Amino acid sequence: MAFTQSPPQLANPYLGDRVLQSALRRMLPHGLFEHFHAEANELGQVVADELYPRQLRERLLEPRHTPFDAWGHRIDEIELTPLWQSMPSLTARFGLVWHGYDSTKGAHARLFQFGMVYLATAGNDFWSCPLAMTDGAARALIESGNERLVRHAVPHLTSRDATTLWTSGQWMTETTGGSDVSGTETRAVRGEDGRWSAWGRKWFTSAATSEMALLLARPEGNPSGNDGLALFYCEPRDADGRLQNIVVDRLKDKLGSRKLPTAELQLNGTPVELVGAERGGVRMIAPVLNQTRLWNAFAALSYFRRGLQLLRDYAGRRRVFGRRLIEQPIHQHVLAGLQAELEAGLHLALHVAELLGKSDQGALDERHRMLLRLLIPITKLLTARQAVAGISEIVEGFGGAGYIEDTGIPGLLRDAQVFSIWEGTTDVLSLDALRVLRGDGAWATLQASLISLLGQAGSDGEAGAPLIRHALERAQQAWLMGSAGEAHTRGIALTLGRCYALALLLRHGAWSALAEGDRRPLAAARRFAAHGVDRILGDETLDSRLLATDEPE
Ligand code: MFK
């Protein structure tokens, strides 16, 4: 019998995750950590034993849109994949949204929740996308102060019962584009009975099967531009399950995330309800964006970790040139680099979840609220790029097998690419971060926060300080150039993210060496630092113009 390679096996992703376990052991009170440990272990077992084999079996299945029934009636049915159909019960069982709103966990609710989200997402075929929007919608409704909608919808959005659980869509993007929503063409018309209806075309509605959606539309008579937009609430189906003046034109033919039914919709007088004022809709939907961006970070890291877990397992099986791959220094070097990037990204995302939990409890002062607002886009953009680059390396690590569809590996790369696109591309998020940095005292707060983290890392922090200080100075110089330095925007955001991640990793490494006798987090910090934190190029503005347009001066 000729040789056959044994495929990678997926063990319980929680049990082998020393980074998550160690971080949460430090960040959660002991009793809550024990509770997390039990729930995460159970979820990890479901991911390994049930979801992963199903994902492989269902690899080629996709949601199906049936526009008409056999007799020509418009029905617009969307049939979900079997795994997706079972996701409401998984969500309820593990409280993937609920944990974030569980007041008994106080300021730790978000850490608990996002620890679970990180474990679940690579196993749920992008079901986390509607969950992210669900969490964001709950948050936006609560912040809107619309008591009727809070009472009506939030208990469903945060339910721990699959029969009452709702998910929410977020309908913003139109054919005019996703980054700049000021060109939104959807109109909102108020009838004589005072009720509103929406008319327009939504071009990227992720998860078209949700029970509710938040959307932007322009009330008739409002001016053009962002400020003329208002936030509306919509229940797409009536009590009999029929779409309410909505036509599903088609499902998108996407590079990845193909289990997710992203649709093009026409709103032809769809009943909607005003959430707040008749203006300022972008400001009102911003809580959804901030929340989903943090989900995006954990989702990106979840996929990155899935790939690395499989690659590490494979490297322990595959023999080449007389030794297992895992024993070969050249391959160890690759795995170590990936581990360091993942580890730094996870500490950054967990730190943001910790801040969010405190913010939800009203326990953050204004400076720290600003820091949270700044770190969300930075964390989203950094982790997304880490995942895309990391998973590309992982695909290569599998050699030819990584290029073969029915190993399930190439799909990881296609899926990961979306993390740097939806919910704001790297450039849009960098611009958003710089908008926050323009606030009073923002730089000073950021600097003080980094210095404080390094101080908590003791001598290890002192070792990392020069690198971080130097990168921060260069980022600040670029930032001070103002519009003349606009080309540096992305470099500034990436540099700040990497500085922050390194400081967090150093702080955790110092704690872990002492409390757990584990040298690996500090090794990860050294490796991450060696990859560099400074992402500012020289004065690139002129060169960029020359090269981008490829025209002579
Ligand atoms: C599994 C993983 C989970 C992820 C699932 C996600 C799936 C979702 C699929 C999608 O729907 S993708 C589409 C998502 N779309 C975007 O992310 C939009 C990208 N564009 C932006 O983020 C722009 O920055 C934005 C449209 C929000 C604003 O553009 P502008 O034209 O620069 O807005 P403007 O006029 O400066 O801002 C309006 C107000 O909102 C300002 O407040 P003020 O009027 O009080 O000054 C801003 O400060 C405020 N604002 C904007 N972004 C904010 C924000 N406030 C808080 N947080 C933010 N992030």
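Residues numbered from 1 in each chain as written. Predicted model: local features only at pLDDT ≥ 70, side-chain atom pairs only at ≥ 80, totals over all residues. Heavy atoms only, no water.

A word on the overall build of the protein chain
Per the secondary structure count, the protein chain includes 17 helices and 11 strands. Radius of gyration (C-alpha) of the protein chain: 24 Å, near the 24 Å computed for a compact globule of 553 residues. Residues classed as buried in the protein chain amount to 55% of the 553 residues present. Put simply, 75% of the contacts in the protein chain that link residues at least 6 apart link residues at least 24 apart. If you sum the accessible surface of the protein chain, you get close to 23,600 Å²; carbon and sulfur atoms cover 53% of it. Taken together, the 59 basic and 64 acidic charged side chains of the protein chain have centroids lying 4 Å from each other. (Helix = DSSP H or I, 4+ residues; strand = E, 2+ residues; numbered from the N terminus. Rg over C-alpha atoms; globule rule 2.2 N^0.38 Å. Buried < 20%, exposed > 50% of the residue type's maximum accessible area, 1.4 Å probe, protein only. Contact = heavy atoms within 4.5 Å. Areas by Shrake-Rupley, 256 points an atom, 1.4 Å probe, with all protein chains shown as cover. Lys, Arg positive; Asp, Glu negative; His and termini not counted. Charge placed at Lys NZ, Arg CZ, Asp CG, Glu CD.)

Description of the packing of helix H1 (residues 18–27) against helix H9 (residues 329–360)
Direction vectors running N to C along H1 and H9 enclose 30 degrees, while the axes themselves pass 10 Å from each other. By the angle between their directions, the pair H1 and H9 is classed as roughly parallel. In this structure, H1 meets H9 at a crossing whose hand is right-handed. For the pair formed by H1 and H9, the contact residues are Arg18, Val19, Leu20, Ala23, Leu24 and Met27 on the first element and Gln339, Glu343, Leu346, His347, Leu350, His351 and Glu354 on the second. When the residues that make up the contact of H1 with H9 are grouped by side-chain class, the tally is 7 nonpolar, 3 polar and 3 charged. (Axes fitted to C-alpha atoms, helices over the stretch in contact; angles between N-to-C directions. Parallel < 35°, antiparallel > 145°, perpendicular 65-115°, else oblique. Left-handed = near helix turned anticlockwise from the far one by under 90°. Nonpolar A, V, L, I, M, F, W, Y, C, P; charged D, E, K, R; others polar.)

So, the site of the ligand
Around the ligand, 27 residues are found, and the nearest of them are Ser179, Asn226, Asn290, Arg293 and Arg435. At 2.7 Å, a side-chain N or O of Asn226 approaches an oxygen atom of the ligand. Taking Gly424, its main chain carries an N or O atom lying 3.3 Å from an oxygen atom of the ligand. Its free accessible area being 1,200 Å², the ligand has 78% of it covered by the protein chains. When its residues are assigned to classes, the shell around the ligand shows 10 nonpolar, 11 polar and 6 charged. (Near = heavy atom within 4 Å. Polar contact = N/O pair within 3.5 Å; in protein donor to acceptor, adjacent residues only side chain to side chain.)

Some remarks on the domain arrangement of the protein chain
Assigned domains of the protein chain: these are domain 1 (168–281) and domain 2 (433–547). Computed from C-alpha atoms alone, the centre-to-centre distance between domain 1 and domain 2 is 39 Å. (Domains from an automatic or database assignment.)

A short note on the nonpolar core
Phe298 and Phe419 are the most contacted members of the largest nonpolar core, which totals 150 residues. There are two domains that each give this core at least three residues, and those are domain 1 (168–281) and domain 2 (433–547). Look past the residues within four positions of Phe419 in its chain and what remains in contact with it is Phe126, Asn296, Ala299, Ala300, Tyr303, Lys380 and Ala384. In terms of nonpolar packing, the next biggest core, distinct from the first, is built from 22 residues, Trp166, Tyr233, Val288 and Leu289 among them. (Core = buried A, V, L, I, M, F, W, Y, C linked by side-chain atoms within 4.5 Å.)

Notes on unusual backbone geometry
One non-glycine residue, Asp125, lies in the positive phi region at around 55 degrees. Checked against the element boundaries, Asp125 lands in the loop between helix H5 (109–121) and helix H6 (128–144). Residue classification places Asp125 among the buried residues on the basis of a relative accessible area of 8%. The phi dihedral of Ser257 falls on the positive side, at around 45 degrees, and the residue is not glycine. Judged by relative accessible area, Ser257 falls into the buried class, the value being 2%.

Description of helix H10 (residues 366–397)
For H10, spanning 32 residues, the distance from its first C-alpha to its last is 45 Å, which sits close to the expected 46 Å at 1.5 Å a residue. A bend of about 25 degrees at Leu375 is the largest found in H10, and the proline Pro377 appears one to four places after it. Of the residues flanking the end of H10, it is Gly399, one or two places downstream, whose phi is positive at about 65 degrees. (Expected span 1.5 Å × (residues − 1). Bend = angle between axes of the 7 residues up to and from the residue.)

Some points on the environment of Val418
Take Val418: it is sitting in the loop between helix H11 (409–416) and helix H12 (426–437). Judged by relative accessible area, Val418 falls into the buried class, the value being 16%. Each C-alpha atom of the pair Val418 and Leu255 lies 8.4 Å from the other, and the pair is 163 residues apart in sequence.

Focus on the pattern of salt bridges
Applying the stated criterion to the full structure yields 37 salt bridges. For Arg279, the salt bridge goes to Asp227, with nearest N and O atoms at 3.6 Å. With Arg279 in the loop between strand E9 (263–274) and helix H8 (281–317) and Asp227 in the loop between strand E6 (212–219) and strand E7 (230–234), this residue pair connects regions lying 52 residues apart in the sequence. We classify Arg279 as partly exposed; its relative accessible area is 40%. Owing to a relative accessible area of 37%, Asp227 belongs among the partly exposed residues under this scheme. With a shortest N-O distance of 2.8 Å, Asp427 and Arg490 are connected by a salt bridge. (Salt bridge = Lys/Arg side-chain N within 4 Å of Asp/Glu carboxyl O.)

Structural notes on the side chain of Lys254
Looking at the element boundaries, Lys254 is found in the loop between strand E8 (246–251) and E9. Of the side chains bearing the opposite charge, Asp415 lies closest to the buried Lys254, which forms no salt bridge; the N-O distance is 8.2 Å. Polar side-chain contacts of Lys254 include one of 2.8 Å to the backbone oxygen of Leu260. Here Lys254 is in contact with Leu260 and Thr262, once residues within four sequence places are set aside.

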